[in-house]
Amino acid sequence: MRFSRVLRVSAVVAAAGLALAACGGGSNSSSSGSSATNLVAKAKDSKKLTIGIKFDQPGLGLKTPDGKYAGFDVDVATYIAKELGVDAAGITWKEAQSAQREDLIKKGEVDLIVATYSITDKRKNDVSFAGPYFVAKQDLLVRADNTDITGPESLTGNKKLCSVKGSTPAQNIKDKYAKDVQLQERGKYTDCVTSLLNGEVDAMTTDDVILAGYAAQQPGKLKLVGKGFTTENYGVGLKKDDNESRTAINAAITKMQQDGSWKAALEKNVGPSGYKIPEVPALQP
């Protein structure tokens, strides 16, 4: 009798465990506690999303002194969330520094990232991308009185170049243009701006649209060289192989481009810097 009773109790416990697993009650639940199996389902179920953005890029992703968030990436992310059924009030913004982006997605600390996140084959090993929603070109930012740095080829004679950890721009220059350039890596682009203004480095490099925002913040002190030399496809990063969500985000990007919201967001956030608004990019298959 005792043995049969143990078997019956064990069966009940096992059934309960299976039910919890079916409801997503185990460790696979997302960062907000939703039991949904992917981003689309979570958005529909919980009406909440955690989105990674940059906090220090004027015109793109910026945390303002009053604790709000502004920029083109913020507008793109908000539009996508709305299309997925999540209002702006349901978004939790999280800082996504360049070196942390893949880990934030893989660990489930964010649901998606819209943070000047270039689509590369290497990154596709860890995450999936929707988009691109924007195409930038790598460029250089220098002090306004500089006359000898005219492009990547002029970064010779052990000039000091600043970029951020986990980004590809500085390595592009070392690999393809100036082998002897002295790379100074910082945690954030704002740290590079400070080093450039203080004369600690000769130039900083990243995408032109990012640099244009910093130049606009320092009129008469910094200037964009204006010689783009790579193509950077900005994508929306999300969990690897979440194909349903990738399709839904691509549909949201397409709608934003077609209804005029995409261009309006760029003109509002980036236009004042003098940056020329590019053509709408084609989505990758």
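Scroll up to find the structure.
Before going into details, it helps to say that this report is about the structure given with it. All values reported here derive from a predicted model rather than from experimental measurement.

A few words on the overall build of the protein. Looking only at helices and strands, one finds nine helices and 13 strands in the protein. Across the 285 residues that make up the protein, the buried fraction comes to 46%. Total accessible area on the protein stands at roughly 13,900 Å², and carbon and sulfur atoms take up 51% of it.

Here the focus is helix H6 (residues 189-197). Each α-helix turn comprises 3.6 residues. Residues three or four places apart therefore point the same way. Along H6, the residues classified as buried are Tyr-189, Cys-192, Val-193, Ser-195 and Leu-196. In an axial view of H6, the angular spread of the buried residues amounts to 165°, which keeps them on one side of the axis. Downstream of H6 by a residue or two, Gly-199 has a phi angle that is positive, lying close to 80°.

Read from one edge of the open sheet, five strands run E5-E1-E6-E13-E7, paired in mixed fashion. If you trace the sheet from one side to the other, it starts and ends with strand E5 (91-95) and strand E7 (127-136), each paired once. When strand E6 (residues 112-113) meets strand E13 (residues 232-239), the two strands line up antiparallel, connected through two bridges. In the sheet register, Ile-113 faces E13, and the bridge partner there is Gly-237. On top of the sheet, helix H8 (residues 243-258) reaches E7 and E13; it is set at about 15° to E7, its chief contact.

Let us look at the pairing of E13. Within E13, six of the eight residues are buried, which leaves the element mostly enclosed by the surrounding structure. Inspection of the sheet shows E7 paired to E13 by seven bridges, in the antiparallel sense. By the bridge assignment, Ala-130 is partnered in E13 with Val-236.

Here the focus is unusual backbone geometry. The omega torsion of the bond from Gly-131 to Pro-132 falls at 10°, within 30 degrees of zero and hence cis. Residue placement: Pro-132 occurs in strand E7. Positive phi values are uncommon outside glycine, yet Asp-241 reaches one of about 70°. By the secondary structure assignment, Asp-241 is in the loop between E13 and H8. Look at Asp-241 and you get exposed, because its relative accessible area is 55%.

Glancing now at the packing of aromatic side chains. For any pair of aromatic rings, the description rests on two quantities: the centre-to-centre distance and the angle between the ring planes. Overall, the coordinates contain ten aromatic pairs when judged by the stated rule. Note on Tyr-117 and Phe-129: the rings are 4.9 Å apart at their centroids and 70° apart in plane angle, and the pair reads as edge-to-face. Of the two residues, Tyr-117 is situated in the loop between E6 and E7 and Phe-129 in strand E7; the sequence distance between them amounts to twelve residues. With respect to class, Tyr-117 is no different from Phe-129; both count as buried. One aromatic cluster is present, built from ring pairs that chain together Phe-72, Tyr-133, Phe-134, Tyr-234, Trp-262 and Tyr-275.

Rules used in this analysis
Residues numbered from 1 in each chain as written. Predicted model: local features only at pLDDT ≥ 70, side-chain atom pairs only at ≥ 80, totals over all residues. Heavy atoms only, no water. Helix = DSSP H or I, 4+ residues; strand = E, 2+ residues; numbered from the N terminus. Buried < 20%, exposed > 50% of the residue type's maximum accessible area, 1.4 Å probe, protein only. Areas by Shrake-Rupley, 256 points an atom, 1.4 Å probe, with all protein chains shown as cover. Arc of directions from axis to C-beta. Pairing = 2+ DSSP bridges. Contact = heavy atoms within 4.5 Å. Axes fitted to C-alpha atoms, helices over the stretch in contact; angles between N-to-C directions. Phe/Tyr/Trp six-rings, centres within 6.5 Å; stacked < 30°, edge-to-face > 60°.

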